[in-house]
Amino acid sequence: MAARPTSPTTKPPGVSLNRALSKLGLCSRTQAEVLIAEGRVRVGGKVARDAALRVDLNRDRIVVDGAPVVAERKVYVMLNKPRGLVTTRDDPQQRDTVYTCLEGLDLPFVSPVGRLDKASEGLLLMTNDTHFANRLMDPASHLPKTYHVQVGTVPDEAMLQTLRAGVSVDGETLAANSIALLRSGGRTAWLEIVLDEGRNRHIRRLLAAHGIEVKRLIRIAIGRLPLGGLAKGTARHLTPEELALLGG
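Residues numbered from 1 in each chain as written. Predicted model: local features only at pLDDT ≥ 70, side-chain atom pairs only at ≥ 80, totals over all residues. Heavy atoms only, no water.

The chain carries the name Pseudouridine synthase in an unreviewed UniProt entry, which gives Mesorhizobium jarvisii as its organism. Per its UniProt entry, the chain bears the Sequence similarities (unreviewed entry) comment "Belongs to the pseudouridine synthase RsuA family." (UniProt positions renumbered as here; feature names shortened; annotations may be inferred.)

Printed below as a string of structure tokens:
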């Protein structure tokens, strides 16, 4: 029987070369593309100039600037993101990034697990373990994320019920697992909002649809892992006990 033709949309086995360098903890995919374009990367003894080249991390020998690239140790870091930092490694606008919080830590290349927007604060995880990161970010995991949100109004119970019902914005349904009033004073209040998915600017868009201004947004827990007393702008390695809280 003749072999079944390969579908034109089927990718060859392995991962792209730029992704391989990122998975091995050497650099970001963007930085890897630069190294590849400059002819500084060899695969199997030959210069590789195609970032999309498929490689097998278990079999192919990858060399950068004459040195073999080997997998770094797996690291898991939590940081307390301050407002004003962007969650990216390479920012075209040259804004300060969350990587400034990692200064002083002896780390291989790590990537954020999900994002917090520039104006948001709180718990952010970073790792070089892509399997761990993908598991936490998989919508099927329904991993709850808890936020404390200061708003520019004091919502009554009717408004809270309206918020809990969710809303459609730009064709997306934005809802929360739970929304509770924590405290209020004057013209502002603090809400606790729990999500099990993370659409772009989810909470801000949900509240804005009801004319509610967000003054501060702080993520205080991911799953059973709390932010705790970690000082703003600082980072540290997760303990084995904390990693276990995330199923690691």
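Engineer: How should the sheet that holds strand β3 (residues 46–47) be read in this particular structure?
Structural biologist: One open sheet holds the four strands; their spatial order is β3-β2-β5-β6, and the pairing between them is antiparallel. Two strands in the sheet have a free side with no partner beyond their single neighbour: β3 and β6 (67–68). When strand β5 (residues 62–64) meets β6, the two strands line up antiparallel, connected through two bridges. What sits directly across from V64, in β6, is A67. (Pairing = 2+ DSSP bridges. Helix = DSSP H or I, 4+ residues; strand = E, 2+ residues; numbered from the N terminus.)

Engineer: Can you help me understand the nonpolar core in this one?
Structural biologist: L102, V149, I179, I193, I203 and L207 are the most contacted members of the largest nonpolar core, which has 34 residues in total. Secondary structure elements with two or more residues in this core: β7 (76–81), β9 (121–127), β10 (145–151), α4 (157–164), β11 (167–169), β14 (188–195), α5 (202–208) and β15 (214–222). At four residues, β14 tops the list of elements feeding residues into this core. The two domains that each donate at least three residues to this core are domain 2 (76–140 + 226–245) and domain 3 (144–222). Aside from chain neighbours lying at most four places away, what touches V149 is A189, W190, L191, I193, I203, L207, V214, R216 and L217. Counting residues in each nonpolar core, the second largest holds 17 residues, with A20, I36, A51 and V55 among its members. (Core = buried A, V, L, I, M, F, W, Y, C linked by side-chain atoms within 4.5 Å. Buried < 20%, exposed > 50% of the residue type's maximum accessible area, 1.4 Å probe, protein only. Domains from an automatic or database assignment. Contact = heavy atoms within 4.5 Å.)

Engineer: In this structure, what is going on with the packing of aromatic side chains? I would like to understand it.
Structural biologist: Aromatic rings in a pair are described by how distant their centres are and how their planes are angled relative to each other. This structure, assessed with the given rule, holds one aromatic pair. With a centroid separation of 4.9 Å and 75° between ring planes, the pair formed by Y76 and F132 is classed as edge-to-face. With a gap of 56 residues between them, Y76 in strand β7 and F132 in helix α3 (residues 130–137) connect regions that are remote in the sequence. Residue Y76 is classed as buried on the basis of its relative accessible area of 17%. Above the plane of the ring of Y99 lies R89, whose end atom (NZ or CZ) is 4.5 Å from the centre. (Phe/Tyr/Trp six-rings, centres within 6.5 Å; stacked < 30°, edge-to-face > 60°. Lys NZ or Arg CZ within 6 Å of the ring centre and 35° of its normal.)

Engineer: Help me understand the domain arrangement of the chain in this model?
Structural biologist: By convention, interface size is frequently given as the accessible area that disappears when the constituent parts associate. Along its sequence, the chain is carved into domain 1 (15–68), domain 2 (76–140 + 226–245) and domain 3 (144–222). Between domain 1 and domain 3, the C-alpha centre-to-centre distance is 43 Å.

Engineer: Could you clarify how one ought to interpret unusual backbone geometry in this entry?
Structural biologist: In this structure, Q94 is a non-glycine residue whose phi angle is positive, near 60°. For Q94, the location among the structural elements is in the loop between β7 and β8 (111–112). Of note, the phi angle at D170 is positive, near 50°, even though the residue is not glycine. The residue D170 is located in the loop between β11 and β12 (172–174) in this model. Using a relative accessible area of 74% as the deciding quantity, one classes D170 as exposed.

Engineer: I would appreciate a short explanation of the pattern of salt bridges in the present structure.
Structural biologist: A pair can form between side chains of opposite charge whenever their charged atoms are brought close. Tallied over the entire structure, the rule returns 14 salt bridges. Of the charged contacts, one joins E38 and R40 as a salt bridge, the two residues approaching to 2.9 Å between their closest N and O atoms. Two residues, R199 and E172, come together in a salt bridge whose shortest N-O distance is 3.1 Å. With R199 in the loop between β14 and α5 and E172 in strand β12, this pair connects stretches of sequence that are 27 residues apart. (Salt bridge = Lys/Arg side-chain N within 4 Å of Asp/Glu carboxyl O.)

Engineer: What am I meant to see in the confidence of the model for the chain here?
Structural biologist: One rule of thumb: low pLDDT means the predicted coordinates there are not for detailed reading. When pLDDT is averaged across the chain, the result is 91; 95% of the residues are at 70 or more. Here residues 1–8 is a poorly scored stretch, pLDDT under 50, and it has zero contacts once near neighbours within four places are set aside; other chains count. (pLDDT = per-residue confidence, 0-100.)

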